[in-house]
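Observations on chain architecture
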There are 2 protein chains.
Amino acid sequence: MKHHPSHGSLRSGRLVLFLAGFLWGLHALAAEALPSWNDTAPRRALTDFVDRVTREGGADYLPPSARVAVFDNDGTLWCEQPMYPQVAFAVDRLRALAPQHPEWRRQAPFKKLFEAGPDRLVSVSNADLIEIIKVTHTGMTTEEFAAVVRDWIATARHPRTGRLYTEMVYQPMLELLAHLRSRQFRTFIVSGGGVEFMRVWADRVYGVPPDQVVGTTFKNRYEMRDGGPVILRLPEIEFVDDGPGKPLGIQKFIGQRPVMAFGNSDGDLQMLQWTTAAAGPRFGLLVHHTDSVREYAYDDPSSVGQLNAALKAAPGAGWTVVSMKEDWARIFPWAP
Amino acid sequence: MKHHPSHGSLRSGRLVLFLAGFLWGLHALAAEALPSWNDTAPRRALTDFVDRVTREGGADYLPPSARVAVFDNDGTLWCEQPMYPQVAFAVDRLRALAPQHPEWRRQAPFKKLFEAGPDRLVSVSNADLIEIIKVTHTGMTTEEFAAVVRDWIATARHPRTGRLYTEMVYQPMLELLAHLRSRQFRTFIVSGGGVEFMRVWADRVYGVPPDQVVGTTFKNRYEMRDGGPVILRLPEIEFVDDGPGKPLGIQKFIGQRPVMAFGNSDGDLQMLQWTTAAAGPRFGLLVHHTDSVREYAYDDPSSVGQLNAALKAAPGAGWTVVSMKEDWARIFPWAP
């Protein structure tokens with residue numbers, strides 16, 4: 001048998017070139033899909049995982065029906081500092097309603113907000129916040145509430161950047177949402193925020209339709225009025241979609257266990273646990289706010305975004321931790 | 001100016017022929033989309049509506065995001081006689097669990113079920129039924145419950161036809177679900193039945209994924225066990241998705257008002273009201289059980305399927321009423 005070493009070498013050479021080209025191609029594809037992510041471990045972990053579970057015939061292949069990804073909202077998809085945008089909404093709403101409620105100027109917890117003046121931040125306890133949310137978010141129909149949110153979100157601005165809140169969204173996460181959907185993932189929001197607050201703008205801003213937004217709910221009542229039926233928002237919280245409430249919200253609204261979960265605080269701990277503590281390919285990710293120049297650096301403030309237990313659990317659970325400073329080339333769609 | 005009457009006539013003739021061909025084509029398309037529907041008013045109303053709201057540039061055009069259709073389940077998508085399949089499941093489950101609960105043989109409301117013997121129907125009040133459902137549907141994890149339902153639905157049979165319950169589905173409605181989805185409608189189930197009972201098989205049987213099933217829910221609890229986190233089903237009903245609960249379930253889970261609603265009983269009245277009492281193109285339909293030979297004829301029994309208020313409201317509200325006997329050429333996928 002005649003031996004052709006040169007021929008063999010040529011073949012190997014071609015193979016190496018082909019493989020190099022292939023790997024370079026994958027790399028380029030990842031950069032194309034997630035251009036605002038630096039080429040660090042989190043981007044590679046994400047694109048590797050998505051490639052792995054969508055490769056037909058692969059050991060970890062998941063059919064499209066199993067491709068469910070869940071995202072926290074505040075601090076994960078948009079900026080939650082210096083306060084949750086929904087709290088800013090509640091405070092603005094309180095001030096707008098104040099002329100009809102002179103008693104608020106003498107009544108806790110509303111009193112201190114009026115004493116603080118329109119531009120000063122005040123710290124309110126969770127119990128105070130619930131009172132504020134009740135008087136600003138209920139006692140009207142669902143359609144009236146949606147109209148109020150629509151007006152507010154079109155004009156209210158972030159106190160530091162002067163940008164609309166809907167511009168304070170994270171460009172790398174918008175790219176990730178789009179990348180996942182291009183691979184037939186369904187992308188759900190699972191947030192402690194009010195579901196009817198988010199649904200008004202989540203489709204336009206994130207491409208997430210109303211039925212894929214899970215959040216905290218108030219009790220409602222169906223009523224016949226002269227003009228026809230209405231749904232009235234009652235001042236009673238029905239379900240709190242936070243902490244251990246997140247897996248319960250997932251079970252109730254989505255009805256299947258996700259395979260990917262994205263959060264940024266201890267309120268997301270159980271959602272990541274529930275998503276990743278099961279057989280088969282699983283992916284958990286925490287966004288760590290480490291960039292005091294381009295955004296905020298925090299993980300344990302007194303008010304929002306405490307990230308302590310979840311950060312400690314991450315290495316053992318195999319969750320990816322994103323440092324916004326190191327891993328994101330760009331933070332907002334408009335600049336830094 | 002020269003006048004060519006013959007030319008004009010020829011043109012008109014062509015136009016008439018073309019229009020006739022076009023109408024015949026639409027007619028053939030409707031028959032193709034909904035072959036198990038007779039060529040009576042309901043089929044024409046359905047296909048006309050769907051054509052109208054999906055025709056780009058038309059006055060009634062709805063973008064895909066607005067194309068939401070909601071379907072009751074029991075009596076609308078599958079047979080609810082001689083009892084709701086979920087009640088049959090609860091009774092079977094009660095009997096399966098009985099050896100571990102000797103006290104049930106002496107305790108109301110369980111006692112009379114055991115006295116009746118395995119094949120006899122017994123009438124139970126709604127309050128009794130809730131007790132039966134509590135002991136058979138709760139006190140286990142969500143995954144355990146899903147496994148129990150999966151086993152039952154794979155083997156349990158309808159007492160009259162001997163068919164699997166998943167074969168007791170209405171072929172005309174399966175065709176309608178498929179037709180709507182082919183026109184980019186999202187099709188939701190909105191049922192008084194338990195959401196975790198339906199989600200196990202609704203995707204396979206109706207093509208409706210878990211997150212598009214809305215139903216009655218129990219309270220759950222998130223718990224850490226040795227083997228990892230579980231969601232435990234508690235014996236407390238959280239939300240009843242029936243009657244005025246249906247618009248509330250729609251608002252909570254779907255978050256937008258549907259444009260089409262399909263039901264068969266007074267439990268669907270408010271869902272049809274809410275769907276159709278709004279601006280823009282709207283469609284409501286009631287399935288009337290009129291075929292005692294191929295299925296059942298009923299609208300006001302003591303137990304299930306009361307259709308009284310909704311049937312009275314139909315003409316004024318412009319809802320389509322389907323007579324199963326007259327309007328459906330075939331009822332089940334397998335025969336009559």
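Values in this document were obtained by computation on a predicted structure and should not be read as measured data.

Mapping chain A onto chain B calls for a rotation angle of 180° and an axial translation of 0.0 Å; the resulting RMSD is 0.0 Å. In symmetry terms, the pair is related by a two-fold rotation axis. For chain A, the smallest separation between a C-alpha atom and the rotation axis is recorded for Phe253 of chain A, amounting to 3.2 Å. Here 100% of the contact residues of chain A are again contact residues in chain B; the copies associate through an equivalent surface.

Extensive coverage of helix α11 (residues 269–276) of chain A is indicated by the burial of 8 of its 8 residues. Burial in α11 of chain A covers these residues: Leu269, Gln270, Met271, Leu272, Gln273, Trp274, Thr275 and Thr276 of chain A.

Our next topic: the pairing of strand β4 (residues 228–239) of chain B. Note that strand β3 (residues 213–225) of chain B and β4 of chain B share 8 bridges and pair antiparallel. Each residue of the ladder has a partner; that of Glu223 of chain B, found in β4 of chain B, is Val230 of chain B.

With that settled, consider the domain arrangement of chain A. Residues and elements named next belong to chain A. Segmenting chain A into domains produces domain 1 (36–83 + 164–327) and domain 2 (85–155). Each of domain 1 and domain 2 was reduced to a C-alpha centroid, and the two centroids are 26 Å apart. Each partner contributes residues to the interface: domain 1 has 19 residues there, and domain 2 has 19 residues. Of all the secondary structure elements, the ones that give two or more residues to the side of domain 1 that touches domain 2 are β2 (186–194), α8 (195–198), β3 (213–225) and β4 (228–239). Considering every element that reaches the side of domain 1 that touches domain 2, the biggest residue donor is β4, with 6 residues. Tallied by class, the residues present in the side of domain 1 that touches domain 2 amount to 12 nonpolar, 5 polar and 2 charged.

Let us now look at the environment of Met324 of chain A. Residues and elements named next belong to chain A. Checked against the element boundaries, Met324 lands in helix α13 (residues 324–327). Taking C-alpha positions, Met324 is 9.7 Å from Ser292, a pair spaced 32 residues apart along the chain. In this structure, Met324 is in contact with Val287, His288, His289, Thr290, Asp291, Glu295 and Ile331, ignoring residues within four places of it in sequence.

All names here are of chain B. A two-sided burial pattern is seen for strand β5 (residues 260–263), the buried positions comprising Met260 and Phe262 on one face and Ala261 and Gly263 on the other. With 3 bridges connecting them, strand β1 (residues 68–71) and β5 associate as parallel partners. Residue pairing in the sheet places Phe71 in a bridge with Phe262 of β5. Here β5 runs beside strand β6 (residues 283–290); their pairing, made up of 4 bridges, is parallel. When the bridges of β6 are listed, Met260 appears paired with Phe283. For the segment spanning β5, helix α11 (residues 269–276) and β6, crossover handedness is right-handed.

Residue Gln81 of chain A is joined to Pro82 of chain A through a cis peptide bond whose omega torsion reads 0°. Its place among the elements puts Pro82 of chain A in the loop between β1 (68–71) and α3 (85–97). The linkage connecting Ala108 of chain A with the following residue, Pro109 of chain A, adopts the cis geometry, with an omega of 0°. At Gln184 of chain B, a residue that is not glycine, the phi angle is positive and equals roughly 65°. Within the secondary structure, Gln184 of chain B sits in the loop between α7 (171–182) and β2 (186–194).

Criteria and thresholds
Residues numbered from 1 in each chain as written. Chains lettered and ligands numbered in written order. Predicted model: local features only at pLDDT ≥ 70, side-chain atom pairs only at ≥ 80, totals over all residues. Least-squares fit on C-alpha atoms with pLDDT ≥ 70 in both. Contact = placed C-beta atoms within 7 Å. Buried ≥ 20, exposed ≤ 12 C-beta atoms within 10 Å, placed from the backbone. Helix = DSSP H or I, 4+ residues; strand = E, 2+ residues; numbered from the N terminus. Pairing = 2+ DSSP bridges. Domains from an automatic or database assignment. Nonpolar A, V, L, I, M, F, W, Y, C, P; charged D, E, K, R; others polar. Right-handed = clockwise from strand over helix to strand, strands pointing away.

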